[in-house]
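Overview (structure and organization)
Below are the chains, spelled out letter by letter.
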Amino acid sequence: MAGNDWINSYLEAILDSGPAIDDVKSSLLLRERGRFSPTRYFVDNVITNFDETDLHRSWIRAQATRSPQERNTRLENMCWRIWNLARQKKQLEEKQARRITRRRIEREIAHREAAADMSEDFSEGEKGDAGNDFSPVGESRKSRFSRINSVDAIDALTSQQKGKKLYIVLISLHGLIRGENMELGRDSDTGGQVKYVVELARALGSTPGVYRVDLLTRQVSSSEVDWSYAEPTEMLPPRDSEDSMSEMGESSGAYIVRIPFGPKDKYIPKELLWPHIPEFVDVALGHILQMSKVLGEQIGDGHPVWPVAIHGHYADAGDSAALLSGALNVPMLLTGHSLGRDKLEQLLRQGRLSRDEINSTYKIMRRIEAEELALDVSEIVITSTRQEIEEQWRLYDGFDPILERKLRARIQRKVSCYGRFMPRMAVIPPGMEFHHIAPLDGDVEGVIEGSDDHPASPDPPIWTEIMRFFTNPRKPTILALARPDPKKNLTTLVKAFGECRPLRELANLILIMGNRENVDEMSSTSASVLLSIFKLIDKYDLYGQVAYPKHHKQAEVPDIYSLAARTKGVFINPAFIEPFGLTLIEAAAHGLPMVATKNGGPVDIHRVLDNGLLVDPHDQQSIADALLKLVADKQLWAKCKQNGLKNIHLYSWPAHCKTYLSRIASCKPRHPRWLKDDSEDENSDSKSDLLRDDSLRDIQDISLNLKFPLDVEKNGGRESVINSVKPDQKSKIENAVLTWSKGGLKGTQKIGVTEKIDQTSSTGKFPTLRRRKHMFVIAVDSDSIADLFRSVKETFEAVAKEKTEGLIGFILATSFTMLEVQSFLVSEGIRPIAFDAYICNSGSDLYYSSPQSEENPFVVDFYYHSHIEYRWGEEGLRKTLARWAASITDKKGEDIENMGAEDENNSTGYCYAFNVGKPEVVPPVKEVRKLMRIQGLRCHVIYCQNGKRINVIPVLASRAQALRYLYVRWGMDLSKTTVFLGESGDTDYEQLIGGVHKSVILKGVGCGSRKQLHANRSYPLADVVALDSPNIVQTSEECKATSIRTALRTLGVLKC
C-alpha cells in the first residue's frame, strides 16, 4: 500500500467510527467520495466473502484501472475487506482472551478444591522450584548431559543393564516408514517424526539391556507407494556395532512391524485414520501377545515376556497406546511431536477458517480428545524442549504444571494425593548417529579442482544437481532444509535474501524443499508456497544465486550438509515455531553454524551448542543481518563451528537411550496379575495346593460375594449381600475366588464336585467361553432392563440351533449392575448359564457363569479389577463427584432431584453411580470429564440408560476394553466375535462398533436415546467409526429373529 496513504486514512476513519456489521449492512446508501454509492450486493459480498490472500491481486487490478470511478470502486472494495479482516482479528483476540480467562478461573477453582480435599494447604516445599520441574537448559543442561562418546555410553550402559532383557513397543501410525531411503518430505505425514521413531527404535535395539524393540506402524499395500511399505516386518540392523550382532538372540533387535488396518490397497492421510484406530489396536494386541510368548520361550523360561512400556508417538498413536496399555496393563509413554490444541489456537488466530471448518479439515477435536486420553494414561510424557511443556502441554485439561509440582512434592513426602495423578514430563532431546560423520576441512575449491598430488574425488551426484543452479558455486551457501509448508517461513527467508544486496553478493541460497514431480499435482498448501517462492526468485532476479532441486534421496542429506560446510556456509531454520529442530543438530554435526528461530526448541539447542544466532522469524531484516554476520565474519563462523562440534555428542543416541531407559525404570512395573500368580504357583506347588484346598473348602463362603438370592424378586430386596462380608473374611474369600477362577474346574474335581460335568478336555475348560467357536456380545443400551432382554430373546431365537449345539457363546455387556441382571434373569426364567460372561456397570465388573451350581451361579474376576484399577481415584474422586452432582441446577437455578448424592445401591468399588432426575439439564459428559481432568482425577464418565444414570469407572475400563481383556486372559478370538448394538446408546457406544469384530446394528433399537447424549462429542461419529466397514451391518427390519439371522449371514458368521 506504499504511496497510497489515503487508504490507511480511510481505514482509520472507518475503524474510528466503529459501526457494527449489522449497521453497515442496513446502511444501503453510503454517501462517500464523489458519485460512488455501494449497493447491498456489493456490501454483502465484501462482508461475507473475503480472502486476505486476494488483496494483493485486487490492488494490482485497481492500480491498472484507468477509470477513476472503477478504481475508486475497487479501492472501496479493498477497504471493506481490510476493515473486515481487522474486525475479525479483534473478535478473535477477544475470544482468545475470554478462553484464557475462563481456563485460568477453572484452574484456580480446581486448585482450591484439590487443596480442600487434601485437607491442608500446600506447604512451601510443595511449591517447588520451577527450574527443577523440567530438564534444565544452558549450563545446567550441560551438567546433566556430561560429554560422552559412543564407546563410553555403551560401556556404562552395559554395566548398568547387565542381565536385563527388555521388550519395548513403539507406535507411529501415519506416514510412510521404512529403515532405509526414507521419503522425508514426500507429504506432510512423512516428516521428521518418521526419521525420529526409526532412529530411536534402531538405537534402543542396540542398547545393552534391551532385547527387542517393535516399531508398529500401518501396512500400506498400494500402487501409489513403494512395495517395501507392504512388507509385514523389516529389521533395523545396528549402524556400527558388529559385536552387538553377535550377541543378538533369535528374535532380538529392532524391527518395523507393519499392522494391516484401514482401507486396503490405499494410502490415506492421518486425518482419515481415526475411524480405524480400534482395528489397529485389536491386531496390534494379537502381535504383542504372540511376540510375548515367543520371547518367553527364548529368554523367559517359558513365561511370557511382557512389554516393559508402550510408547505412542503423536495423537493417533497415543490413543492406540492408551488402549493397548489398558488391555495389557503395562506402563505407557507419550511423545506428542505436534499438539492439536496448539495447532487449533494458531489456526483460530489466523482467522481463515472457522472452528467447524478447522474440525472438518483436520479432525482437530478428535485429535485433542485422543491427546487428553493419552495424558490420562501416560506415566511419562517425553518432550524435546521445555517450551513444549510450558507453552503447549499446559493448554490441556489433563496437565497443570502447578498441580503437577504439588502432587510430586506430596509423593516425595509420601503423603496421600487423594486419587489425583499427573503424568511426569521428561525433556529428552532426540539423538543422532555421529559415527558416519567426519566434518570436512578445506573449501569447495579443493574439492572441485583438487591438485596434482591429490586428485579431486568424484563429487556426490547431489552436489552436481545443486551446483548447476549457481553462477558462482564457490560462494558460501545458506542452506534451508524444510518441506514447503507456510509455518516453515521459507518465503520470508527468500525475501530477506533478495532484499539484502550485501548478502546476495557474498552467498548463495540452497532450498531443499522435499521432492516434487509436478507442482500442480501437489497439495494446494505446498503448491502455494512453492509458487510464491518461484515468484520471489523472479521478482528479485535471483537466478544463478538460488538452488531449489526437485529431487533428493534421504541418503544424500549428509552430502548436502557437507557441501554447505565446504563452502563455509550457514544452516538456517526460519520457522515461525519449531517444536525441536533436529536438522539444527544434524547441521552442527557437519560443522555448520546456525541461524534459527527464537520460538521453540532451537532456544534449548542454542544454549547447549552455542553455535549460532537466534532471530525473530517475523523480522525479515533480523534474518538478513544474522546471516550476513555469520557469512562475513570468518572468526565468528569458525568459533560457532568449533562450539557445535565440541558439544554435539550431548545429543547422541547413546545419551538419549541412557536417559530414556532410566525414565522407564522409574515407572512402577505393571503386568497382569495372573502372570505373576502363575509363576508363583509353579514355584510353590505346596502353596498352590493349600490355596486350592482353602478356596474349595470355603466355596460356599464365596456366595457372599457372588451369590444373588434366587428369591430376590419375591422379597423385593435390592441391597447387595456383599456388604455382609466380615472384614476378616475378605482376604480369604478373595484369594479363594482368584485361585478358583484361575484353576477352573481342574481344582474342583480334586475334591469331587457333585454336579455332573463333562470330563473331556474341550468342555472342561473354565470359563466356558474358551471352548466356543463364536462369541455373541449383546451390548444393546436401553432405558430399562426389560427392553434389553427383548433384544436378548430375539437374538437367542435367531441362533437357537447353533446355541443348542454349543458352538456359540453369549456375553452380556451392559450398564446395569449384576444384581439388576440377576433379578431379571430370575423373573424371566432365564438360566444364568445362558451367558458365558457378564460385563456389568459399563465395564467395571466382570463375571463368569458357573455351570456347576445353580445356588452359586456367578464367579467374579478379581484379576479384572486389578487390571483396571490404574489411577482409580477412589475417595478423592467420590468426593469431587458428589460435590459436582450437588452443584447441578436447572435453568431456573433449582436443584435437580436425585442429583445431590451418589446412588449407593448401584455403586460398587469400581463404579460410582448417580441417578439423574432431569437428564435434559445435566451438563454434557465432556464437561464432567474436563472438570475431573483439571483436578487431576482420571476416570471414564459414561451417561447411560438414556441419560437417567451416570456411571463413573476407572479410566482404563469400558465394555470394549473388557472384551480385549477376555482376549488377553482367555484367548477369546475377537475376529470371531459379533457385537449386537442398537442404533444409538450410552456415551461409550461408539467404542463397541469398531475393531476386528463384527457388528450388527439392530434397527429401531435404542433410537430413542437422547440426542443430548451424543452431542457430548465434539466431533461426528464418522470420525470415530468406519461406518462403511464390511464388518458393520444393520438389520433390515426392527429387532426380529429373521432379520438378525439374515444380517449374520451377510457378515459370514452363519452359512445358512
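Keep in mind that what you see is a predicted model, and the values were worked out from it rather than measured.

So, the overall build of the protein
Tallying secondary structure elements over the protein gives 44 helices and 25 strands in all. Long-range contacts, defined here as pairs at least 24 residues apart, represent 73% of the contacts in the protein between residues at least 6 apart. Surface summary for the protein: the accessible area is close to 45,300 Å², and the carbon and sulfur share equals 49%.

So, the packing of helix α13 (residues 314–328) against helix α42 (residues 959–970)
Between α13 and α42, whose axes approach to 9 Å, the crossing angle comes to 50°. Comparing the axis directions of α13 and α42 gives the class oblique. Of the two elements, α13 crosses α42, and the hand of that crossing is right-handed. Taking contact as the criterion, the partners of Leu323, Gly326, Ala327 and Leu328 in α13 are, on α42, Gln961, Arg964 and Val968.

Here's the deal with the nonpolar core
Of all hydrophobic cores here, the largest spans 110 residues; its most connected members are Ile171, Phe280, Leu963 and Leu966. Beyond its immediate chain neighbours, meaning those up to four positions away, Leu966 contacts Leu769, Ile811, Leu846, Tyr848, Gly971 and Met972. With 72 residues, the next largest nonpolar core counts Val595, Val615, Ile623 and Ala626 among its residues.

Observations concerning the packing of helix α21 (residues 490–499) against helix α23 (residues 524–539)
Between α21 and α23, whose axes approach to 9 Å, the crossing angle comes to 5°. In terms of orientation, α21 lies roughly parallel with respect to α23. Across the interface between the two elements, Leu490, Thr491, Val494 and Lys495 from α21 touch Val529, Ser532, Ile533 and Leu536 from α23. Taken together, the residues of the contact of α21 with α23 sort by class into five nonpolar, two polar and one charged.

Comments concerning the sheet that holds strand β17 (residues 837–840)
What the eight strands build is an open sheet, ordered β19-β18-β17-β16-β15-β23-β24-β25; its pairing is mixed. The outermost strands of the open sheet, each flanked by one partner alone, are β19 (858–860) and β25 (1032–1038). On average, each strand axis in the sheet is tilted by 25° relative to the strand beside it, whichever way the strands run. Bridge count between strand β15 (residues 774–778) and strand β23 (residues 977–981): four bridges; the pairing is parallel. Looking at β23, one finds that Met775 is bridged to Thr977. Strands β15, β16 (808–813), β23 and β24 (998–1003) of the sheet are contacted by helix α36 (residues 785–798), whose axis makes an angle of about 170° with β16. Across the sheet, helix α38 (residues 818–828) touches β16, β17, β18 (845–849) and β19, and the angle it forms with β17 is around 130°.

Re a positive patch on the surface
Among the surface-exposed residues, Lys95, Arg98, Arg102 and Arg355 lie close enough to one another that they form a single positively charged patch. For the positive patch, the element with the most residues is helix α5 (residues 68–117), which contributes three residues. For Arg98, the location among the structural elements is in helix α5.

Structural notes on the environment of Ser1036
Relative to the helices and strands, Ser1036 is located in strand β25. For Ser1036 and Gly1004, which are 32 residues apart along the polypeptide, the C-alpha to C-alpha distance reads 10.0 Å. The contacts of Ser1036, once residues within four sequence positions are left out, are Lys1003 and Ser1043.

Let's talk about the pairing of β16
Counting buried residues in β16 gives six out of six residues, a clear majority hidden from the surface. Residue alternation in β16 divides its side chains into two sets, Ile808, Phe810 and Leu812 and Gly809, Ile811 and Ala813, and both sets are buried. For β15 and β16, the ladder comprises five bridges, and the chain directions are parallel. Across the sheet, residue Val777 finds its bridge partner in β16, namely Ile811. Here β16 runs beside β17; their pairing, made up of three bridges, is parallel. Bridge pairing in β17 links Ala813 to Ile839. Since β16 and β17 lie parallel, the crossover through α38 that links them has a hand, and here it is right-handed.

Thoughts on the packing of aromatic side chains
Evaluated as defined, the whole model comprises 20 aromatic pairs. Aromatic ring contacts, followed pair by pair, group Phe776, Phe796, Phe810, Phe835, Tyr838, Phe858 and Phe980 into a single cluster. The positively charged end of Arg341 is found above the aromatic ring belonging to Tyr396, 5.3 Å away from the centroid. The side chain of Arg670 reaches across the aromatic face of Tyr870, ending 3.8 Å from its centre.

Observations concerning the sheet that holds strand β11 (residues 546–547)
The pairing of strands in a sheet happens through backbone hydrogen bonds and is either parallel or antiparallel. On the basis of which strands lie adjacent, the open sheet formed by six strands has the order β11-β10-β9-β12-β13-β14 and parallel pairing. If you trace the sheet from one side to the other, it starts and ends with β11 and β14 (612–615), each paired once. Each of β13 (594–597) and β14 touches helix α26 (residues 602–609); the most contacted strand, β14, lies at about 155° to it. Where helix α27 (residues 620–632) meets the sheet, its contacts fall on β9 (477–481), β12 (570–573), β13 and β14, and the angle it forms with β14 comes to roughly 175°.

Here's the deal with the pattern of salt bridges
One pass over the full model with this rule turns up 40 salt bridges. Arg938 is the partner of Asp376 in a salt bridge, and the nearest nitrogen-oxygen pair spans 2.8 Å. On the criterion of sequence distance, the pair formed by Asp376 in helix α16 (residues 364–377) and Arg938 in the loop between α41 (925–934) and β21 (939–944) is long-range, its members being 562 residues apart. Assigned by exposure class, Asp376 and Arg938 land together as buried. The shortest N-O distance in the salt bridge between Arg483 and Asp485 comes to 3.8 Å.

Description of the side chain of Asn951
Within the secondary structure layout, Asn951 lies in strand β22 (residues 949–954). Within the structure, the side chain of Asn951 is placed 3.3 Å from the backbone oxygen of Ser815, a separation counted as a polar contact.

Looking at helix α28 (residues 634–647)
With 14 residues, α28 should cover 20 Å at 1.5 Å per step; its first-to-last C-alpha distance of 20 Å lies within 8% of that length. Taken as a whole, α28 has its buried residues at Trp637, Cys640, Lys641, Asn643, Gly644 and Asn647. Across the axial projection of α28, the buried residues extend over an arc of 165°, all falling on one side. Within α28, the exposed residues directed more than 90 degrees away from the buried face are Gln635 and Lys639. Contacts from the buried residues of α28 go to α24 (557–566), β12, α25 (582–589), α26, β14 and α27.

A closer look at the confidence of the model for the protein
When pLDDT is averaged along the protein, the result is 80; 76% of the residues meet or exceed 70. Mean pLDDT per element in the protein: helix α35 (residues 745–748) is the minimum at 33, and strand β5 (residues 309–313) is the maximum at 98. Here residues 1–7 is a poorly scored stretch, pLDDT under 50, and it has 10 contacts once near neighbours within four places are set aside; other chains count. The low-confidence segment residues 9–53, where pLDDT is below 50, has 61 contacts with residues more than four positions distant or belonging to other chains.

Comments concerning α16
With 14 residues, α16 extends 20 Å between its outermost C-alpha atoms, agreeing within 8% with the 20 Å of an ideal straight helix rising 1.5 Å per residue. With 13 of 14 residues buried, α16 lies mostly within the body of the structure.

A look at the side chain of Ser782
Positionally, Ser782 belongs in the loop between β15 and α36. Setting aside anything within four residues of it in sequence, one finds Ser782 in contact with Asp787, Leu788, Phe816 and Gln945.

Things to note about the environment of Ala374
Along the chain, Ala374 falls in helix α16. On the basis of relative accessibility, which here comes to 1%, the residue Ala374 falls in the buried class. Note: C-alpha distance between Ala374 and Pro423 (49 residues apart in sequence) is 9.7 Å. Not counting residues within four places of it along the chain, the set of residues in contact with Ala374 comprises Gly318, Met332 and Leu334.

Overview of the environment of Lys487
Here Lys487 is to be found in the loop between β9 and α21. Between the C-alpha atom of Lys487 and that of Phe576, which follows or precedes it by 89 residues, the distance is 5.7 Å. Those residues in contact with Lys487 that lie beyond four places of it in its chain are Ala575 and Phe576.

Regarding unusual backbone geometry
Backbone geometry places Asn181, a non-glycine residue, at a positive phi of 50°. With respect to the secondary-structure elements, Asn181 resides in the loop between β1 (166–171) and α10 (192–205). Under the relative-accessibility criterion, Asn181 is labelled partly exposed at 44%. Unusually for a residue other than glycine, Asn489 sits at a positive phi of about 65°. The exposure class of Asn489 is buried, given its relative accessible area of 1%.

Rules used in this analysis
- Residues numbered from 1 in each chain as written.
- Predicted model: local features only at pLDDT ≥ 70, side-chain atom pairs only at ≥ 80, totals over all residues.
- Heavy atoms only, no water.
- Helix = DSSP H or I, 4+ residues; strand = E, 2+ residues; numbered from the N terminus.
- Contact = heavy atoms within 4.5 Å.
- Areas by Shrake-Rupley, 256 points an atom, 1.4 Å probe, with all protein chains shown as cover.
- Axes fitted to C-alpha atoms, helices over the stretch in contact; angles between N-to-C directions.
- Parallel < 35°, antiparallel > 145°, perpendicular 65-115°, else oblique.
- Left-handed = near helix turned anticlockwise from the far one by under 90°.
- Core = buried A, V, L, I, M, F, W, Y, C linked by side-chain atoms within 4.5 Å.
- Buried < 20%, exposed > 50% of the residue type's maximum accessible area, 1.4 Å probe, protein only.
- Nonpolar A, V, L, I, M, F, W, Y, C, P; charged D, E, K, R; others polar.
- Pairing = 2+ DSSP bridges.
- Patch = residues over 30% accessible without salt bridge, like charges linked within 9 Å, V, L, I, M, F, W, Y side chains within 5 Å.
- Salt bridge = Lys/Arg side-chain N within 4 Å of Asp/Glu carboxyl O.
- Lys, Arg positive; Asp, Glu negative; His and termini not counted.
- Charge placed at Lys NZ, Arg CZ, Asp CG, Glu CD.
- Right-handed = clockwise from strand over helix to strand, strands pointing away.
- Phe/Tyr/Trp six-rings, centres within 6.5 Å; stacked < 30°, edge-to-face > 60°.
- Lys NZ or Arg CZ within 6 Å of the ring centre and 35° of its normal.
- Polar contact = N/O pair within 3.5 Å; in protein donor to acceptor, adjacent residues only side chain to side chain.
- Expected span 1.5 Å × (residues − 1).
- Arc of directions from axis to C-beta.
- pLDDT = per-residue confidence, 0-100.

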